[in-house]
Amino acid sequence: MTRATLSVAALTLVALASSCDRRAPTPPVDPNIHVFALPEDDPPLPEAPGKSLVVGSCLTCHSARYIGDQPKFPRKTWTAEVDKMKKTYGAPIAPESTKTIVDYLVATHGREDEQAQ
Amino acid sequence: MFRLDRRAFFALAGAGASSLAFGCKNDAPPYIDKPPTRFTEKALDLILHTDRPPNLETPLRYFRTDITPNDAMFVRWHLSGLPLSIDARAWRLRIEGHLDTPLSLSLDDLRAMESVSIVAVNQCSGNSRSLFAPRVPGVQWTRGAIGNAKFTGVRLKDLLVKAGVRTGARDVTFRGLDRAPLESVPAYVKSLAIDRANDADVIVAYAMNDAPLPLLNGFPARLVVPGWFSTYWVKALTEIRVLDAAFDGFWMAKAYRIPKTPDADESPAELAKETTPITKINVRSLIVRPEPDETVSPGRAYELEGIAFDGGAGIKRVEVSTDGGATWSDARLGADLGRYSWRRWRATWTPPGPGTHAILARATSTAGEEQRATPQWNRAGYMRNVFERVDVRVG
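Every chain's residues receive numbers from 1 upward, in the order its sequence appears when written. As they are written, the chains are lettered A onward and the ligands numbered 1 onward, keeping that order. For a predicted model such as this one, the threshold for reporting local features is a pLDDT of at least 70, and the threshold for listing and counting side-chain atom pairs is 80 or more; totals across whole chains, interfaces and linings nevertheless cover every residue. Side-chain metrics rest on all non-hydrogen atoms present in the structure, leaving aside hydrogens and water.

Caption draft 1: Broad picture of the overall build of chain B. Only DSSP runs of H or I covering at least 4 residues are called helices, and only runs of E covering at least 2 are called strands; the numbering of each starts at the N terminus. A count of helices and strands for chain B gives 5 helices and 25 strands. We take the radius of gyration over the C-alpha atoms and set the globule estimate at 2.2 Å times the residue count to the 0.38 power. The C-alpha atoms of chain B give a radius of gyration of 23 Å, which matches the 21 Å a tight globule of 395 residues would have. Based on the C-alpha atoms only, the size of chain B along its principal axes is roughly 70 × 65 × 45 Å. Burial here depends on accessible area, computed with a 1.4 Å probe over protein chains only, as a share of the maximum for the residue type. Under 20% is buried, over 50% is exposed, and the range in between is partly exposed. Per-residue burial over chain B gives 55% buried out of 395 residues. In what follows, a contact means two residues having at least one pair of non-hydrogen atoms within 4.5 Å. Counting only contacts in chain B whose residues sit at least 6 apart along the sequence, the fraction spanning at least 24 positions is 71%. Under the convention used here, a 1.4 Å probe and the Shrake-Rupley method define accessible areas, while residue burial counts only the protein chains that appear. Split by element, the accessible area of chain B, about 16,500 Å² in all, is 51% carbon and sulfur. By the counting rule applied here, Lys and Arg register as positive and Asp and Glu as negative, while His and the ends of each chain are not counted. Think of each charge as sitting on NZ of Lys, CZ of Arg, CG of Asp or CD of Glu. Positive and negative charge centroids in chain B, built from 52 and 45 side chains respectively, lie 3 Å apart.

Caption draft 2: Quick peek at the pattern of salt bridges. Residues and elements named next belong to chain B. Throughout this description, the term salt bridge denotes a Lys or Arg side-chain nitrogen within 4 Å of a carboxyl oxygen of Asp or Glu. According to the stated counting rule, one finds 38 salt bridges over all chains in the structure shown. In this structure, Asp210 and Lys150 form a salt bridge, with 2.9 Å as the shortest nitrogen-oxygen distance. One end of the pair, Asp210, is in the loop between β11 (203-208) and β12 (211-212); the other, Lys150, is in strand β8 (residues 146-155), with 60 residues separating them in the sequence. On the accessibility criterion, Asp210 (58% relative accessible area) is exposed. In this structure Lys150 comes out as partly exposed when scored by relative accessible area, which is 26%. Of the charged contacts in the structure, one is a salt bridge between Asp265 and Arg372, with a shortest N-O distance of 3.4 Å. Separated by 107 residues along the polypeptide, Asp265 in the loop between β15 (257-259) and β16 (275-277) and Arg372 in the loop between β24 (355-365) and β25 (388-394) bring together distant segments of the chain. Residue Arg372 is classed as buried on the basis of its relative accessible area, which comes to 14%. Look at the salt bridges and you will find they share partners, linking Asp66, Arg289, Glu305, Arg344 and Arg346 into a network.

Caption draft 3: Region of interest: the environment of Asn122 of chain B. All names here are of chain B. Looking at the secondary structure, you find Asn122 in strand β7 (residues 116-123). Taking the C-alpha atoms as reference, Asn122 lies 9.7 Å from Trp342; in sequence the two are 220 residues apart. Residues in contact with Asn122, not counting those within four places in the same chain, are Met73, Phe74, Ala145, Ile146, Gly147, Phe151, Arg222, Ser230 and Trp233. Pairs of N or O atoms within 3.5 Å make up the polar contacts considered here, provided that, within protein, one atom can donate a hydrogen while the other can accept it, and that residues adjacent in sequence are counted only when both atoms are side-chain atoms. Separated by 2.8 Å, the side chains of Asn122 and Ser230 make a polar contact.

Caption draft 4: Structural detail: the confidence of the model for chain B. Residue and element names in this part refer to chain B. On average, residues of chain B carry a pLDDT of 91, and 91% of them reach 70 or more. Model confidence for chain B, summarised as mean pLDDT per element, is weakest for helix α1 (residues 6-23) at 34 and strongest for strand β13 (residues 222-224) at 99. Confidence scores here are pLDDT values: one per residue, from the predictor, ranging 0 to 100. Here residues 1-35 scores under 50 on pLDDT; set against residues more than four positions off or in separate chains, the count is 35 contacts. Scored as a whole, the predicted complex attains pTM 0.88, and scored at its interfaces, ipTM 0.86.

Caption draft 5: Structural detail: the pairing of strand β9 (residues 171-176) of chain B. All names here are of chain B. Counting buried residues along β9, 5 of its 6 residues qualify, which places the element largely inside the surrounding structure. The pairing criterion for strands is at least two bridges between them, as found by DSSP. When β9 meets strand β10 (residues 189-193), the two strands line up antiparallel, connected through 5 bridges. The partner of Phe174 across the bridge, within β10, is Lys190. With 6 bridges joining them, β9 and strand β14 (residues 237-243) adopt antiparallel strand pairing.

Caption draft 6: Highlighting the environment of Trp377 of chain B. Residues and elements named next belong to chain B. Within the fold, Trp377 resides in the loop between β24 and β25. In this structure, the C-alpha to C-alpha distance between Trp377 and Arg135, residues 242 residues apart in sequence, is 9.3 Å. Once you skip the residues sitting within four places of it in the chain, Trp377 turns out to touch Phe132, Ala133, Pro134, Val136, Ala264, Asp265, Glu266, Ser267, Pro268 and Leu271. A polar contact is formed between the side chain of Trp377 and the backbone oxygen of Pro134, at a distance of 2.7 Å.

Caption draft 7: Just the sheet that holds strand β6 (residues 103-105) of chain B, in detail. All names here are of chain B. With mixed pairing, the 5 strands of this open sheet are ordered in space as β6-β5-β14-β9-β10. Looking along the sheet, the strands with just one partner apiece sit at the ends: β6 and β10. Going from strand to strand, the sheet's axes swing by 20° on average, the running direction of each strand aside. All axes are obtained by fitting lines to C-alpha atoms, using only the stretch in contact for helices, and the reported angles, taken between N-to-C directions, cover 0 to 180 degrees. Packing against the sheet, helix α3 (residues 156-163) makes contact with β5 (93-97), β6, β9 and β14, and its axis sits at approximately 135° to β6.

Caption draft 8: Representation of the pairing of β8 of chain B. Residue and element names in this part refer to chain B. For β8, a buried count of 8 out of 10 residues is recorded, marking the element as mostly surrounded by other parts of the structure. In this sheet, β8 lies alongside β7 in antiparallel orientation, the contact comprising 8 bridges. Looking at β8, one finds that Val121 is bridged to Asn148. Here 5 bridges tie β8 to β11, and the two strands are oriented antiparallel to one another. The residue of β11 that forms the bridge with Phe151 is Met208.

Caption draft 9: Seen up close, the nonpolar core. Residues and elements named next belong to chain B. By convention a nonpolar core is built from buried Ala, Val, Leu, Ile, Met, Phe, Trp, Tyr and Cys residues, the set being connected through side-chain atoms within 4.5 Å. Counting residues in hydrophobic clusters, the biggest one holds 95 residues, and the most contacted among them are Leu110, Phe151, Leu159, Val204 and Ile240. Ranked by residue count, the leading element in this core is β11, at 6 residues. Counting 19 residues, the second-largest nonpolar core is a separate cluster that includes Val283, Val296, Val318 and Val394.

Caption draft 10: Quick look at unusual backbone geometry. Residue and element names in this part refer to chain B. Cis geometry marks the peptide bond from Arg52 to Pro53, where omega comes out at -10°. One can find Pro53 in the loop between β1 (47-51) and β2 (54-57). Of the consecutive residues Ala133 and Pro134, the connecting peptide bond is found in the cis state with omega at -5°. Looking at the secondary structure, you find Pro134 in the loop between β7 and β8. Notably, Tyr256 is not glycine yet its phi reads approximately 55°, a positive angle. Examined against the element boundaries, Tyr256 turns out to sit in the loop between α5 (250-253) and β15. Of note, the phi angle at Met383 is positive, near 65°, even though the residue is not glycine. Following the sequence through the fold, Met383 ends up in the loop between β24 and β25. Judged by relative accessible area, which is 11%, Met383 ranks as buried.

Here it is in structure tokens:
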């Protein structure tokens, strides 16, 4: 093992062990430089028809947790949300795809409108 | 460049993992394949709402101190293109627009100017959105999209004087280093009317609790507008622009708006026709102890505790009810850290016997503003300030 390998392995060990610590990691060594690593632990979206469209149209701008953080909205609310994402923020959603995305959200994280039941 | 010796890496990683398993008392089980998300400069136990962009809520237990620690201050970003690395030496704050002398200031330039410190409540417009009925879309905060900290920096007013604002100035806009993920997504730009911008309490802060701002809270400098919701407290501030016209950008004209009705109340069946930008924090209290899932012992004195705050008048009175709102008595108020700070309250309660008891709290500001007895509702989930309530199990 090279010296570099050893020191990296040692750092890894320290990093793992220190994840027990509930406090924040020690401040940066150079107070002028702050670095942030975006975590990559997004939960997988549930399998259902339309999933690939949701991945392509929604997850460009935000992670799946943005969907999971919401309550199980009725179809009406999900429809309005998808519409807002499209019209207000320019989400790349083709007109013919809107219903598929709403169907996916209703099926995996929503419910039908009360009056429709 | 070097490559890790895989065998050595896994052996050591394994050793690290077992120390994780043995070393963490009171921690959640160590799911080695999915460790809890750690955010730079942040405590591990913040409540994760979303990771990209990051939105983290502060658990109630952190509100047992008057000053919220930097690693526990809540985090709210709108756009996933937030700055991932900032070198404070290269950072500049540009002050441009309807001015005699546009400026480009370094952090050292700011530090060389007269500094002011102010303790202020930093509260998200949508704090407690998840408690709205019916529920509304947005980050589903419970009660922890709030914190109280000492902010140090320079008066915005001093910067504007230095830049020589020309007559006819109307609005001042603020922009940070964050970028939209798509061109069609509006950049996060907020504005203050020139008179508000010239208020001596508005500062460009480069320190929170005497330390540099965590990157997720706006390093190296952010706007602090005491008494107003955090939507104006633009993080990683990089551009201040003085306009001789009204600003009509998306985040003022279309987002962060409330019904133009008393307490921002409307109903899903009848949405208010007129809306206006959200501004001032309305009076509210929080119950910090007991927490919703806490069980307390009968017959033993218990110290109820919480905080109360408003948009800058200061808190005059907090009342507590231990019988679901039938009778009320005054709580004791704690240290006064300034009119923009929250104020601690305490009240002693001896739980009468086993069962569930509804504890309520309501605050009144020195301006006479009171909390609502019934919850308001609005489409965006803003400004909740109904009497606080926690149902406590005694047994």
